Amino acid sequence: MKITLAPPTSTDMDVLHPLLQASYWSPGIPRETVERACAASLCALARDEAGTLTGFARAVTDYTVFAWVCDVMVVPAHRGQGLGRNLVRSLMTHPEMQTIRRWMLGTADAHGVYADLGFAPLKAPERLMEVIRAPHWGR
């Protein structure tokens with residue numbers, strides 16, 4: 001698998017969008033929303049020998065001190081081979097991301113995948129706050 005850092009193409013979006021629509025964190029998300037999110041993020045794309053998208057991850061970042069890793073997706077036929085971890089690693093090792101002080105992500109079931117990259121439970125979760133709104137596409 002070859003991993004590159006670039007925005008997804010329209011053909012990539014044909015693969016990525018249905019995966020995100022079916023995910024537990026963005027069910028039903030419109031393609032336009034995914035496209036907009038990708039345009040404002042650093043995206044990592046994994047491709048097979050034919051150039052077909054096999055995996056994706058993105059970082060919402062200021063490229064200076066903070067990055068939130070999200071939307072790590074691997075096409076089902078390519079899961080279990082370390083691709084998700086390698087996608088996140090490619091974001092973390094990108095030259096423009098070397099001053100990032102705080103990397104964060106959320107996962108329901110892949111803690112072990114990311115622990116190998118240094119991710120751990122929050123040291124001070126009481127310091128963080130959040131606002132959760134209904135997705136605009138579900139209103």
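Residues numbered from 1 in each chain as written. Predicted model: local features only at pLDDT ≥ 70, side-chain atom pairs only at ≥ 80, totals over all residues. Heavy atoms only, no water.

Q: Hey, could you go over the nonpolar core for me, with residue numbers and the actual values?
A: By size, the foremost hydrophobic cluster in this structure holds 22 residues, and its most contacted members are Val69, Val88, Leu91, Met97, Trp103, Tyr114 and Phe119. Put simply, the parts of the chain that give this core at least two residues each are β2 (42-47), β3 (53-61), β4 (66-74), α3 (83-93) and β5 (102-105). Apart from residues no more than four positions distant in its own chain, Val69 is found in contact with Arg58, Ala59, Val88, Leu91, Trp103, Met104, Leu105, Gly106 and Phe119. With 13 residues, the next largest nonpolar core counts Leu16, Val34, Cys43 and Met73 among its residues. (Core = buried A, V, L, I, M, F, W, Y, C linked by side-chain atoms within 4.5 Å. Buried < 20%, exposed > 50% of the residue type's maximum accessible area, 1.4 Å probe, protein only. Helix = DSSP H or I, 4+ residues; strand = E, 2+ residues; numbered from the N terminus. Contact = heavy atoms within 4.5 Å.)

Q: Explain the side chain of Ser90 residue by residue, including any values.
A: Position of Ser90 relative to the elements: it lies in helix α3. When neighbours within four sequence positions are excluded, Ser90 is seen to be in contact with Ile3, Leu5 and Ala44.

Q: Report on the packing of aromatic side chains, specifying residues and quantitative values.
A: The final tally for this structure, using the stated rule, is 2 aromatic pairs. Relative to Trp25, the ring of Tyr24 lies with its centre 4.9 Å away and its plane at 85°, an arrangement referred to as edge-to-face. Taking 6.3 Å as the distance between ring centres and 80° as the angle between the ring planes, the aromatic pair formed by Tyr114 and Phe119 counts as edge-to-face. Judged on exposure class, the residue Tyr114 and its partner Phe119 are both buried. (Phe/Tyr/Trp six-rings, centres within 6.5 Å; stacked < 30°, edge-to-face > 60°.)

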